[in-house]
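The chain contents come next:
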Number of protein chains: 2
Amino acid sequence: MKVCGIAFCLLIAGPAGNAADLNLMPWPSAAIVQDGFLTVDHALRIEVTGGDDRVRRAVARFLKNLSTETGVPYDRRFDGTPDGATLSIRCTGVGRRVQAVDEDESYHLSVSGTGVELTAANPLGILHGLETLLQLVEPGPHGWRIPYVRIDDAPRFAWRGMMIDVSRHFMPLQAIERNVDGMAEVKLNVLHLHLSDDEGFRVESRRCPKLTGAASGGLFYTQSQIRELIAYARNRGIRVVPEFDVPGHAVSWIVAYPRLASGTAPARLVQSQHDDLRPPLNPTQDSTYKLLETAFGEMAKLFPDAYFHIGGDEVDGKYWDHDPEIQRWMRSHGIKDNHALQTYFTRRVEKIVHKDGKIMEGWDEILDSDLPKQSLIQSWRGADSLASAAQSGYKTILSAGYYLDLMHSASYHYAVDPLAGKSAALSPAEKANILGGEAAQWTEYVTPENLDNRIWPRMGAIAERLWSAEGVTDVDSMYRRLSVLSRSLAWRGLEHETGSRMMLGRIEGDDLPAPLLETLAMAVEPVKEYDREQTQVYDVTAPLNRLVDSVPPESDYSRSINALAARAAHDASVRLELRRQFSQWRDNDARLEPYLAASHLRLGLAPLSQDLSKLGVLGLAALDAIEAGKPISVDSRNEQLALVQATAAHHAELLLAVTPSVRVLIEAEPGTQ
Amino acid sequence: MKVCGIAFCLLIAGPAGNAADLNLMPWPSAAIVQDGFLTVDHALRIEVTGGDDRVRRAVARFLKNLSTETGVPYDRRFDGTPDGATLSIRCTGVGRRVQAVDEDESYHLSVSGTGVELTAANPLGILHGLETLLQLVEPGPHGWRIPYVRIDDAPRFAWRGMMIDVSRHFMPLQAIERNVDGMAEVKLNVLHLHLSDDEGFRVESRRCPKLTGAASGGLFYTQSQIRELIAYARNRGIRVVPEFDVPGHAVSWIVAYPRLASGTAPARLVQSQHDDLRPPLNPTQDSTYKLLETAFGEMAKLFPDAYFHIGGDEVDGKYWDHDPEIQRWMRSHGIKDNHALQTYFTRRVEKIVHKDGKIMEGWDEILDSDLPKQSLIQSWRGADSLASAAQSGYKTILSAGYYLDLMHSASYHYAVDPLAGKSAALSPAEKANILGGEAAQWTEYVTPENLDNRIWPRMGAIAERLWSAEGVTDVDSMYRRLSVLSRSLAWRGLEHETGSRMMLGRIEGDDLPAPLLETLAMAVEPVKEYDREQTQVYDVTAPLNRLVDSVPPESDYSRSINALAARAAHDASVRLELRRQFSQWRDNDARLEPYLAASHLRLGLAPLSQDLSKLGVLGLAALDAIEAGKPISVDSRNEQLALVQATAAHHAELLLAVTPSVRVLIEAEPGTQ
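Residues numbered from 1 in each chain as written. Chains lettered and ligands numbered in written order. Predicted model: local features only at pLDDT ≥ 70, side-chain atom pairs only at ≥ 80, totals over all residues. Heavy atoms only, no water.

**Remarks on the pairing of strand S16 (residues 395-398) of chain B**
All names here are of chain B.
Then comes step 1: Relative to S16, strand S15 (residues 376-379) is paired through four bridges, and the arrangement is parallel. Counted as the bridge partner of Ile377 is Thr396 from S16.
Then comes step 2: A crossover connection joins S15 to the parallel S16 through helix H13 (residues 383-391); in handedness this β-α-β unit is right-handed.
Then comes step 3: Sheet topology places S16 next to strand S17 (residues 434-441); three bridges connect them, and they run parallel. Paired with Ile397 across the strands is Gly436, a residue of S17. (Pairing = 2+ DSSP bridges. Helix = DSSP H or I, 4+ residues; strand = E, 2+ residues; numbered from the N terminus. Right-handed = clockwise from strand over helix to strand, strands pointing away.)

Rendered as structure tokens:
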């Protein structure tokens, strides 16, 4: 019997067969593995007691997912036999009518020769436990099976969310629902929808019909779709928090109701980076609040969650500065600057939201000393603002470091802990104000076609950070389990892998022979942070069908090549494989180049392909030098490093992610004194 | 200007840029390509005149498919500009309320600098023309474009069908609908559903509710789903012909209504090859016809098509022989044998079907001299029975040679022509009785998961045989265009590629490193004809999740390796690539073998993997011998060939499809006198 608890040490050091080998993500609070396996066959009997209808639906879903993953029609034939093992599910309580942030999500799962026992005090625990159980099922030599195990599990943070911006690029309901399925697998519990921005208002409003009629471009969720989505999410243990961004990012409100503008109202929705008339709402007129009261009132009823997100970020004060009416009003009301004006606005909006029975949530910028203490601050500007919000007594969640659209690696996000940095020094009571975190997927450069590849599987690493113990930080383990998760998500219908492949196929077209494009594609990643908008104007009508849109944000191939190269100086066994890869890079460009001009989808790839070829040549030379053991001069090394550095340039909004592999080899070459 | 007509010769010999390079499948009757391309951008204006609502739906679908394939949101932004080119669609007539077999499906398509003109006399022509147009869209250096072209096109046969057996394995509506989408792309026009068999009755019956309640196992289409499917198919130019198989293959009828049995009625639906109590309906009692009258009457109303398929195949006479009541009745009615008894049954059923306003269709076995001439014979037993039906004055369609479940290659099916063999000698009037053909997908070993990979893209080759001119027979061209079609079908939602990959991934699990399984998987094919049931008992409850279920029926990789090897004796340039492949085979087994026992999904693969390794060794030796030019003895060659022959054994219901490559090399080795 092997124990694996919070320390997670066994995951690194443990022998085969222990808990550390379980393909669970997020990692549970405690797992004990025993010798033996329960066979998953049709003799298994299912018994469910307690809970509410979510439990029964979850069991049906479990059987459906189990059938899909195994290819065995368990969902049709799980009749059980009297002598069979039992899958016993006991829920000792019912959940809240509207899922709340403070509900008990813990569960106990035990698998032994007599069957499976899953118990929880709340249906949410059962839902999570069934996801764990499904991740435990594996193919054995004689059939599908589950290792004997005992798992006691509960989340570290109560708020584990993901935000999707459906304003800049609208995402059909189906795309959102399959992402909810993915969220459920990794035990996330909040879907935050960014429903309005300068580009469009995305929910049907009956009380303010121009929001949909004039400000959606025809792309919006009907109220019945929203209700379907909320039920869909609730059945999977996920709350839906709506965001309607005010007073900035509010051009859609203004296109529908131009009188709400500060200064001149733009005539149409924002379509591109170049559309720079983006006034905020006018906070000085009662009519603004009257409309918000109507719209928010309607939306507050439609979305049952206790929280209501009003945005509040990035208000551009110049429109207030330049509007004489607003300036006059500010003087007459003793409001000294724009910050104070936004504070005034936020306080009035908070009253509206409060009257609707909701807790107001907003981005960092709404924080102000007078803000009612029950408000929730979503911190996007950094860990410091998170800590200071918590210290000021506000409930808060972390999003800085979890922006998926910035194209960082899973390990980057994995290292971001809501209780690290300044927060680590907070008192226990202050720390308790940090409810958790939320990843954010802004969609300037994302369409329904590549939404999934922008989110998954990286999101699993963030989900683990928010669910698992603080000490669960082994990056190799994370990546190993993330790759298992990736396949499991594909069975659940997520299109991160298939979508990426289809998009690459579109660029290959009918003429480009495999694997020329793939060789390049595997070695690149989209540029990071906000670099893309430096070279490609964001325009909601532009096609997003090039290589940068097709490849995942993180190149698994590059990570493994870079890791291999880091070992090559001391481990001769990896050099042959590196030579094979470098030769392929070196030779690829000459074969790929003749095809590049034929299709506009391949525009801009030529220098990237040339650079990969150069890296191949440099990598082979570095391996030769290492193996020859002949020292090189400082100048010669620097010259080589400069050549490598030259391949770090961005082309077609992409960068070569394998560059470090060659750099590390050159640095490992023996040097002269 | 280059002309490409029926002769198709240019496809083989023509220079680049001519009609032969068009990625069209099925190939049109006549295509003329001119220099130049029409840019597909948002300046394009769409004008539609005439036709019925199918035309407008088809245009919307065209834009949606165009958007999906290109990644450009044409479906949202095709506003057109006054000076833009025009996509002008003119339909000079309307179609029948219920699509009929004799409607005009021809169209004319012209693409030039001023735009696209598509004209047809019937909406069906417009539908086909839009599919052609979509296949013409290609990525150019500066954007998406369509070559200037003039196409005049019409089908060779009026009946171009595909049958899916939804009785043995039920296929959800969604799986059928995506296959209808695939059918529409290749201009097929009949979906034949095999709706009842020994394993289940798959349509909701309200008038004979036990057919659904007791004989479907809960797996059936509701009447509303059937209506949805029929509308879905009609909008895509496809008729839906229902088949309810009687008097054999009728256990589902009997489980619902045991009194219909000849002899003892089985208590439950057939589940496995071993369930051998499968009596036909009792044709000697009026109650049988009374029930058929009720059920067929209901189904004839539900399915509006003019044809109604009553099966009639493979009646097992022994049940009639052993039923004393039946024997007595036959004697008293002067019916001398079982053939005459089935004839009696068929004639009574024909009257029922006729009274419902339908034309009766049945398999070969219903053919009898007294059968009303308007009946349609579906020939599954061979080209001879097709010819004799046509000669006897019956309308007939060919299915022999088009059975997709027998796992033959696309080229095998491509070579089957309804007017070849005995039919070639028929008179023009007799030939006119041959309406076309129908592929058949029986589903003993097919689930919704691999249905698509069992059908596509091979079905494209059959579709071309039935649509295109007799002389369109170039196999290399067919395969080239089939591979383009395959990708296009994937954009349309067909899961032949993704499903196969997912299933292989399931077998790889979390332990098996790439590309070990893939190397084996690429080189194998499922066993052919009815060989599978020799080693794996057919059982509808058995999982179909092994390698045989995952790989496509035809291995593209093997075809190309075999073709390469055939050139190797005279073309030294291909030998290096062959060596690379043979080395990979040789080395793969040692790396794969250690993983095989760990998962039951890999059972039986070991000998196959060993054989592939042996072939690699033999192939390398043969290349050595060819390159050395040293003659080998007859004995030595025979010895080598015997070793190759030994790798032709079946394992795990699979065979190595690359075996010919090594055989041809050994045969090419220089010999001694």
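**Quick look at the confidence of the model for chain A**
As a general rule, the predicted coordinates of low-pLDDT regions are not to be interpreted in detail.
Residue and element names in this part refer to chain A.
Then comes step 1: In this model, chain A carries a mean pLDDT of 94, and residues with pLDDT of at least 70 account for 96%.
Then comes step 2: Confidence over residues 1-17 falls short of pLDDT 50; this stretch has 39 contacts with residues more than four positions distant or in other chains.
Then comes step 3: Predicted complex, confidence summary: ipTM 0.93, pTM 0.95. (pLDDT = per-residue confidence, 0-100. Contact = heavy atoms within 4.5 Å.)

**As for the pattern of salt bridges**
Where charged atoms of side chains with opposite charge meet at close range, the side chains can pair.
Residue and element names in this part refer to chain A.
Then comes step 1: Counted by the stated rule, this structure contains 92 salt bridges over all chains.
Then comes step 2: A salt bridge links Glu444 to Arg168, with the shortest nitrogen-to-oxygen separation between them at 3.2 Å. Of this pair, Glu444 sits in the loop between strand S17 (434-441) and helix H16 (451-455) while Arg168 sits in the loop between strand S9 (159-165) and helix H5 (173-185), and the two are 276 residues apart along the sequence.
Then comes step 3: Residues Asp549 and Arg532 are paired through a salt bridge, measuring 2.9 Å at the closest nitrogen-oxygen approach. In this pair, Asp549 sits in helix H22 (residues 547-550) while Arg532 sits in helix H21 (residues 532-535), placing the two residues 17 residues apart along the sequence. (Salt bridge = Lys/Arg side-chain N within 4 Å of Asp/Glu carboxyl O.)

**Quick look at the interface of chain A and chain B**
Then comes step 1: Taken together, the contact pairs 40 residues of chain A with 41 residues of chain B.
Then comes step 2: At the boundary of chain A with chain B, total buried surface from both sides reaches about 3100 Å², with 54% on carbon and sulfur atoms.
Then comes step 3: Looking only at chain A, the three residues that lose the most surface to chain B are Arg487, Met502 and His600 of chain A, adding up to 20% of its buried area.
Then comes step 4: Across the contact surface, chain A and chain B share two salt bridges.
Then comes step 5: Notably, a salt bridge pairs Glu508 of chain B with Arg487 of chain A, separated by 3.5 Å at the nearest N-O pair. (Buried area = accessible area lost by both parts, 1.4 Å probe.)

**Description of helix H18 (residues 475-491) of chain A**
Residues and elements named next belong to chain A.
Then comes step 1: For H18, with 17 residues, the first-to-last C-alpha span of 24 Å sits near the 24 Å given by 1.5 Å per residue.
Then comes step 2: Along H18, 12 of the 17 residues are buried, which leaves the element largely enclosed by surrounding structure.
Then comes step 3: Buried within H18 we find Ser477, Met478, Tyr479, Arg481, Leu482, Val484, Leu485, Ser486, Ser488, Leu489, Ala490 and Trp491.
Then comes step 4: Here H18 starts with a cap whose side-chain oxygen sits 3.4 Å from the backbone nitrogen of Asp476, and that cap is Asp474.
Then comes step 5: Looking one or two residues beyond H18, the residue adopting positive phi is Gly493, at roughly 105°. (Expected span 1.5 Å × (residues − 1). Buried < 20%, exposed > 50% of the residue type's maximum accessible area, 1.4 Å probe, protein only. Polar contact = N/O pair within 3.5 Å; in protein donor to acceptor, adjacent residues only side chain to side chain.)

**Remarks on the UniProt feature "active site" (unreviewed entry) in chain A**
Residues and elements named next belong to chain A.
Then comes step 1: Annotation from UniProt places "active site" (unreviewed entry) at Glu314.
Then comes step 2: Tracing the backbone through its elements, the reader meets Glu314 in the loop between strand S13 (307-311) and helix H10 (318-321).
Then comes step 3: Residues contacting Glu314, with those up to four places away along its chain left out, are His249, Glu365 and Trp380.
Then comes step 4: Here His249 takes part through its side chain, which lies 2.7 Å from a polar atom of the side chain of Glu314. (UniProt positions renumbered as here; feature names shortened; annotations may be inferred.)

**Comments concerning the packing of aromatic side chains**
Residue and element names in this part refer to chain A.
Then comes step 1: Under the definition given, this model contains 32 aromatic pairs over all chains.
Then comes step 2: Here the aromatic rings of Phe170 and Tyr221 are separated by 4.7 Å at their centres, their planes lie at 45°, and the arrangement is tilted. Of this pair, Phe170 sits in the loop between S9 and H5 while Tyr221 sits in the loop between helix H6 (210-213) and helix H7 (223-235), placing them 51 residues apart in sequence.
Then comes step 3: Of the residues examined, Tyr221 reaches a relative accessible area of 0% and is grouped as buried.
Then comes step 4: Taken together, the ring pairs connect Phe201, Phe244, Trp253, Phe296, Phe303 and Phe308 into an aromatic cluster.
Then comes step 5: Just above the ring of Tyr232 sits the side chain of Arg236; from NZ or CZ to the centre is 3.5 Å.
Then comes step 6: Positioned above the aromatic ring of Tyr289 is the side chain of Arg348, whose terminal nitrogen or guanidinium carbon lies 3.9 Å from the ring centre. (Phe/Tyr/Trp six-rings, centres within 6.5 Å; stacked < 30°, edge-to-face > 60°. Lys NZ or Arg CZ within 6 Å of the ring centre and 35° of its normal.)

**Some remarks on the relation of the copies chain A and chain B**
Then comes step 1: Overlay of chain A on chain B (RMSD 0.1 Å): rotation 180°, translation along the axis 0.0 Å. These values place the two chain copies in the arrangement generated by a two-fold rotation axis. Across chain A, the rotation axis passes nearest the C-alpha of Thr498 of chain A, at a separation of 3.4 Å.
Then comes step 2: Mapped onto chain B, 100% of the interface residues of chain A again fall at the interface, so both copies present the same surface. (Least-squares fit on C-alpha atoms with pLDDT ≥ 70 in both.)

**Describing the environment of Leu22 of chain B**
All names here are of chain B.
Then comes step 1: Residue position: Leu22 is located in the loop between helix H1 (9-13) and strand S2 (30-39).
Then comes step 2: A residue is classified by how much of its surface remains accessible, and Leu22, at 7% relative accessible area, is buried.
Then comes step 3: Between the alpha carbons of Leu22 and Gln135 there is a distance of 8.4 Å; along the sequence they are 113 residues apart.
Then comes step 4: Look past the residues within four positions of Leu22 in its chain and what remains in contact with it is Trp27, Ala31, Val33, Leu136, Pro147, Val149, Arg480 and Arg481.

**Overview of the domain arrangement of chain A**
Then comes step 1: Parsing chain A into structural domains produces domain 1 (2-153) and domain 2 (498-668).
Then comes step 2: The centre of domain 1 of chain A, based on its C-alpha atoms, is set 42 Å off from the matching centre of domain 2 of chain A. (Domains from an automatic or database assignment.)

**Section: unusual backbone geometry**
Then comes step 1: The linkage connecting Met25 of chain A with the following residue, Pro26 of chain A, adopts the cis geometry, with an omega of 5°.
Then comes step 2: Mapped onto the secondary structure, Pro26 of chain A falls in the loop between helix H1 (9-13) and strand S2 (30-39).
Then comes step 3: Between Val246 of chain B and Pro247 of chain B the backbone carries a cis peptide bond, its omega angle lying at 0°.
Then comes step 4: The topology assignment puts Pro247 of chain B in the loop between strand S12 (239-246) and helix H8 (251-256).

**Concerning the packing of helix H2 (residues 53-70) of chain A against helix H4 (residues 123-136) of chain A**
Residues and elements named next belong to chain A.
Then comes step 1: At a closest axis distance of 10 Å, the pairing of H2 and H4 adopts a crossing angle of 10°. Our classification of the angle between H2 and H4 gives roughly parallel. Mapping the contact onto sequence places Arg54, Val55, Ala58, Val59, Arg61, Phe62, Asn65, Leu66 and Glu69 in H2 and Pro123, Leu124, Ile126, Leu127, Leu130, Leu133 and Leu134 in H4.
Then comes step 2: Within the contact of H2 with H4, the residues separate by chemical class into 12 nonpolar, one polar and three charged. (Axes fitted to C-alpha atoms, helices over the stretch in contact; angles between N-to-C directions. Parallel < 35°, antiparallel > 145°, perpendicular 65-115°, else oblique. Nonpolar A, V, L, I, M, F, W, Y, C, P; charged D, E, K, R; others polar.)

**Thoughts on the side chain of Ser385 of chain B**
Residues and elements named next belong to chain B.
Then comes step 1: Summarising the element assignment, Ser385 is placed in helix H13.
Then comes step 2: Separated by 3.1 Å, the side chains of Ser385 and Asp364 make a polar contact.
Then comes step 3: Here Ser385 is in contact with Asp364 and Ser379, once residues within four sequence places are set aside.

**Here we look at the packing of helix H5 (residues 173-185) of chain B against helix H7 (residues 223-235) of chain B**
Residue and element names in this part refer to chain B.
Then comes step 1: Axis separation between H5 and H7 bottoms out at 10 Å; the angle between their running directions is 10°. Considering their axes alone, H5 and H7 lie roughly parallel with respect to each other. Residues Leu173, Ile176, Glu177, Val180 and Asp181 of H5 pack against Gln225, Glu228, Leu229, Tyr232 and Ala233 of H7.
Then comes step 2: Considering only residue class, the contact of H5 with H7 consists of six nonpolar, one polar and three charged.

**A short note on the environment of His108 of chain A**
Residues and elements named next belong to chain A.
Then comes step 1: Structurally, the position occupied by His108 is in strand S5 (residues 107-112).
Then comes step 2: Assessed through its relative accessible area of 37%, His108 is described here as partly exposed.
Then comes step 3: A C-alpha to C-alpha distance of 21 Å links His108 and Trp159, two positions 51 residues apart in sequence.
Then comes step 4: The contacts of His108, once residues within four sequence positions are left out, are Glu117, Leu118, Thr119, Arg150, Ile151 and Asp152.
Then comes step 5: Engagement of the side chain of His108 in a polar contact is seen with the side chain of Asp152, the distance being 2.4 Å.

**Thoughts on the environment of Asp275 of chain B**
All names here are of chain B.
Then comes step 1: Inspection of the secondary structure puts Asp275 in the loop between H8 and helix H9 (286-302).
Then comes step 2: Residues Asp275 and Glu199, spaced 76 residues apart in sequence, show a C-alpha to C-alpha distance of 10 Å.
Then comes step 3: If we skip the residues at most four places from it in the chain, Asp275 touches Arg268, Leu269 and Val270.

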